[in-house]
Amino acid sequence: MERFRALARSQRKFCKPSLRPKDGVNGRRTCVVRVSRCPRGLERPVSVGISLLPRHETDMTTNLLDPQSTSLLDKDGPDTVRMSIPDAEAVGMKALRALGFSEEDAKITVDQLIDNALCGYRFTSLPRILAIAENKRIEHRAPVKIVHETPLSALMDGGNNVGYVSVYHAAQLAIKKAKASGFAIVGVNNSYFSGRNAYYTELVVKEGFVCVHVASAMPRVVPPGGAQVALGTNPMCLGFPTTKDPLIIDIGTASMMWGDVGLHAHLGLPLPEGIGVDANGKPSTDAAAVLEGGVVPFGGHKGYGLSLAVQALGLLAGSSLPRNMPADYGFVFLVIDPRTLQPGGEFEAQATDLINHLKSVRRQPGVDEIRVPSERAFRERRQRLTQGLVFDKKVIDSLEALSQ
């Protein structure tokens with residue numbers, strides 16, 4: 001986290017910020033920064049969450065953004081709380097340490113959770129700690145280890161750790177091998193709850209590699225015509241380096257990710273129609289009932305086919321080995337140095353040209369711009385770095401109760 005604070009410090013001599021502390025929920029002090037002018041060089045996103053400086057580390061002095069300002073990405077309400085990034089990190093770290101996480105594992109996990117919130121995925125941020133706490137698997141953990149290895153590949157035993165930890169280590173190992181050989185494939189099993197695939201993929205792509213990352217999971221998805229679950233939510237992600245922001249394409253193969261269903265149930269919110277079924281296979285918008293049943297694939301038979309493919313790739317990572325289940329958690333990284341095929345290093349510029357071509361096409365009436373996948377997340381990440389993060393008070397209260 002120190003390297004993120006260092007980057008934030010470096011902005012002071014370029015930006016005209018304003019900062020004023022504000023009392024938050026349960027007496028917590030929060031802060032946001034208004035930046036009126038920054039150079040282009042600071043517009044590139046980073047691969048993990050950047051911590052805003054707490055009050056005692058900065059001499060910035062001006063005013064908070066108006067909570068009712070129309071420029072805010074996330075609106076404040078009676079049931080929400082706006083937090084500085086250090087405060088949000090502190091809540092997450094305290095809760096995870098209360099669950100028995102080491103300092104290192106808690107930092108690895110919180111870095112992703114905060115980055116998820118920065119990129120606009122509030123449901124996959126701090127609320128995921130509540131899901132971790134409810135899962136009895138956290139009671140029996142062992143160190144992540146390599147069980148089979150070649151110069152180009154590795155199979156890892158996740159030690160029954162949450163995927164935020166084990167999949168992070170798998171991504172780092174894949175990067176190391178690809179740097180040495182130009183190609184790597186790494187799989188990890190005996191793990192669960194890896195979070196947002198795009199987070200790991202961006203880590204890989206920032207090193208100059210093309211990345212394919214898939215994550216199979218335990219059954220949560222009902223196949224077409226079925227009345228019970230048989231497949232995981234099974235996200236897949238592809239990433240490509242460019243001369244600008246990386247191109248990250250991250251999709252789940254379910255109509256809704258399971259963590260989102262869980263948070264809807266926790267907050268008492270209904271689901272959209274056509275998302276899930278109850279324990280009897282009947283369509284339902286009751287999130288609590290869908291937790292007892294399952295969700296359907298996105299896109300009908302096409303999403304079903306992609307989901308099945310990801311489940312099969314999970315087998316390649318040894319997903320069936322820990323519990324002898326045909327459908328379980330398995331995580332695979334395929335990492336490729338573009339220079340193995342284009343040694344002149346042309347790929348990044350070509351990928352940039354492709355994106356520029358897409359964005360230059362004639363637009364429909366009323367359309368301001370053509371966007372590519374990940375562009376919104378990167379743009380909003382930059383904005384939330386100055387605006388702070390908004391969470392449901394109920395989630396923060398639950399996390400603080402967990403830490404007691």
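We now turn to the structure provided with this report. (Residues numbered from 1 in each chain as written. Predicted model: local features only at pLDDT ≥ 70, side-chain atom pairs only at ≥ 80, totals over all residues. Heavy atoms only, no water.)

## Quick notes on the sheet that holds strand β9 (residues 210–216)
Selection criterion: A pair of strands is considered paired only if DSSP assigns at least 2 bridges between the two. Secondary structure elements follow DSSP: runs of H or I no shorter than four residues count as helices, runs of E no shorter than two count as strands, and numbering proceeds from the N terminus. For helices, the fitted line uses only the C-alpha atoms of the stretch in contact; every axis is such a line through C-alpha atoms, and the angle between N-to-C directions lies from 0 to 180 degrees.
If you walk across this open sheet you meet the seven strands as β6-β7-β8-β15-β9-β10-β11, and the pairing is mixed. What marks the edges here is a single partner per strand, and that holds for β6 (145–149) and β11 (247–251). With strand direction ignored, the average angle separating the axes of adjacent strands in the sheet is 15°. Here β6 runs beside strand β7 (residues 153–157); their pairing, made up of four bridges, is antiparallel. In the strand pairing of β7, Glu149 is matched with Ala154.

## Some words on the side chain of Glu380
Heads up, the condition is: Relative accessibility under 20% of the residue-type maximum defines a buried residue, over 50% an exposed one, and the middle range a partly exposed one, all with a 1.4 Å probe and only protein chains included. We call two residues contacting when some pair of their heavy atoms lies within 4.5 Å.
Among the secondary structure elements, Glu380 is positioned in helix α11 (residues 375–387). Assessed through its relative accessible area of 15%, Glu380 is described here as buried. Discounting residues that sit within four places of it in the chain, Glu380 has contacts with Leu73, Leu118, Cys119 and Gly120.

## Structural notes on the nonpolar core
Stated formally: The nonpolar core is taken to be a set of buried Ala, Val, Leu, Ile, Met, Phe, Trp, Tyr and Cys residues, with the residues joined through side-chain atoms within 4.5 Å. An automatic or database domain assignment provides the domain bounds reported here.
Of all hydrophobic cores here, the largest spans 63 residues; its most connected members are Leu126, Phe333 and Phe391. Considering each element in turn, this core owes the most residues, nine residues, to helix α5 (residues 163–181). When residues of this core are sorted by domain, at least three fall in each of domain 1 (71–134 + 374–403) and domain 2 (143–254 + 296–351). Apart from residues no more than four positions distant in its own chain, Phe333 is found in contact with Val167, Ala170, Ala171, Ala174, Ala184, Ile185, Val186, Tyr200, Cys211, Val212 and His213. If you look at the next biggest cluster of nonpolar residues, it comprises 11 residues, including Met256, Trp258, Val290 and Val295.

## A word on the sheet that holds strand β12 (residues 276–277)
As summarised here, the arrangement of the three strands in space is β13-β12-β14, forming an open sheet in which the pairing is antiparallel. Of all strands in the sheet, those with a lone pairing partner are β13 (283–284) and β14 (294–295), marking the two edges. Judged from the two bridges that link them, β12 and β13 form a sheet pairing that is antiparallel. Opposite Val277, over in β13, you have Pro283 as the bridge partner.

## What to know about the packing of helix α3 (residues 103–118) against α11
Using the following cut-off: Angle categories are assigned with fixed cut-offs, so that under 35 degrees is roughly parallel, over 145 is roughly antiparallel, 65 to 115 is roughly perpendicular, and the rest are oblique. Three residue categories are used. Nonpolar comprises Ala, Val, Leu, Ile, Met, Phe, Trp, Tyr, Cys and Pro, charged comprises Asp, Glu, Lys and Arg, and polar comprises the others, including Gly.
α11 packs onto α3 with a crossing angle of 100° between their chain directions and a minimal axis gap of 8 Å. By the angle between their directions, the pair α3 and α11 is classed as roughly perpendicular. Within the contact between the two elements, α3 uses Asp115, Ala117 and Leu118 and α11 uses Ala377, Glu380, Arg381, Arg384 and Leu385. Grouping the constituent residues of the contact of α3 with α11 by class yields four nonpolar, no polar and four charged.

## Some remarks on the layout of surface pockets
Put simply, the rule reads: Here the term cavity refers to a set of points on a 1 Å grid, laid over the protein atoms alone, in which a 1.4 Å probe fits but cannot get out; the term pocket refers to an open set having protein on both sides within 12 Å along at least five of seven lines, with lining residues being those that place an atom within 4 Å of a point. Grid points are joined across faces, edges and corners, and a volume is the space filled by probe spheres set on the points.
Estimates place the volume of the largest pocket at around 890 Å³. What lines the largest pocket is a set of 43 residues, and nearest its centre among them are Thr124, Gly195, Arg196, Asp250 and Met257. For the lining of the largest pocket, the secondary structure elements donating two or more residues are α6 (197–205), β9, β11, α7 (258–267) and α11. With five residues, the top contributor of residues to the lining of the largest pocket is α11.

## Side note on the pattern of salt bridges
To keep things clear, this is the line we draw: The salt bridge criterion pairs a side-chain nitrogen of Lys or Arg with a carboxyl oxygen of Asp or Glu, the two atoms within 4 Å.
By the definition in use, this model includes 18 salt bridges. With a closest N to O distance of 3.0 Å, Glu375 and Lys359 form a salt bridge. Of this pair, Glu375 sits in helix α11 while Lys359 sits in helix α10 (residues 347–359), placing them 16 residues apart in sequence. Classification of Glu375 by relative accessible area gives buried; the value is 15%. We classify Lys359 as partly exposed; its relative accessible area is 26%.

## Some thoughts on empty space enclosed by the protein
On inspection of all chains with the given rule, the structure shows two cavities of 30 Å³ or more. Quantified by volume, the second largest cavity comes out at close to 40 Å³. Taken together, Arg137, Asn190, Ser191, Ser319, Pro322, Arg323, Asp328 and Tyr329 make up the lining of the second largest cavity.

## Some details on unusual backbone geometry
If you check the backbone angles, Asn160 has positive phi at about 65° while not being a glycine. Overall, Asn160 belongs to the buried group, its relative accessible area being 13%.

## Here we look at the packing of aromatic side chains
The way to describe two aromatic rings as a pair is by their centre distance and the angle between their planes. The condition is simple: What counts as a ring pair is set by centres within 6.5 Å for rings of Phe, Tyr and Trp (its six-membered ring), and what kind of pair is set by the plane angle: stacked under 30 degrees, edge-to-face over 60, tilted for all other angles.
Taken as a whole and judged by the stated rule, the model has six aromatic pairs. Judged by centre distance (6.5 Å) and plane angle (40°), the rings of Phe240 and Phe347 are tilted. Placement of Phe240 in strand β10 (residues 236–240) and of Phe347 in helix α10 is noted, with a sequence separation of 107 residues between them. When its relative accessible area of 22% is taken as the criterion, Phe347 is described as partly exposed. Centre to centre, the rings of Tyr329 and Phe331 are 6.4 Å apart; their planes meet at 15°, and the pair counts as stacked. For Tyr329, a relative accessible area of 9% gives the class buried. A relative accessible area of 1% means that Phe331 is categorised as buried.

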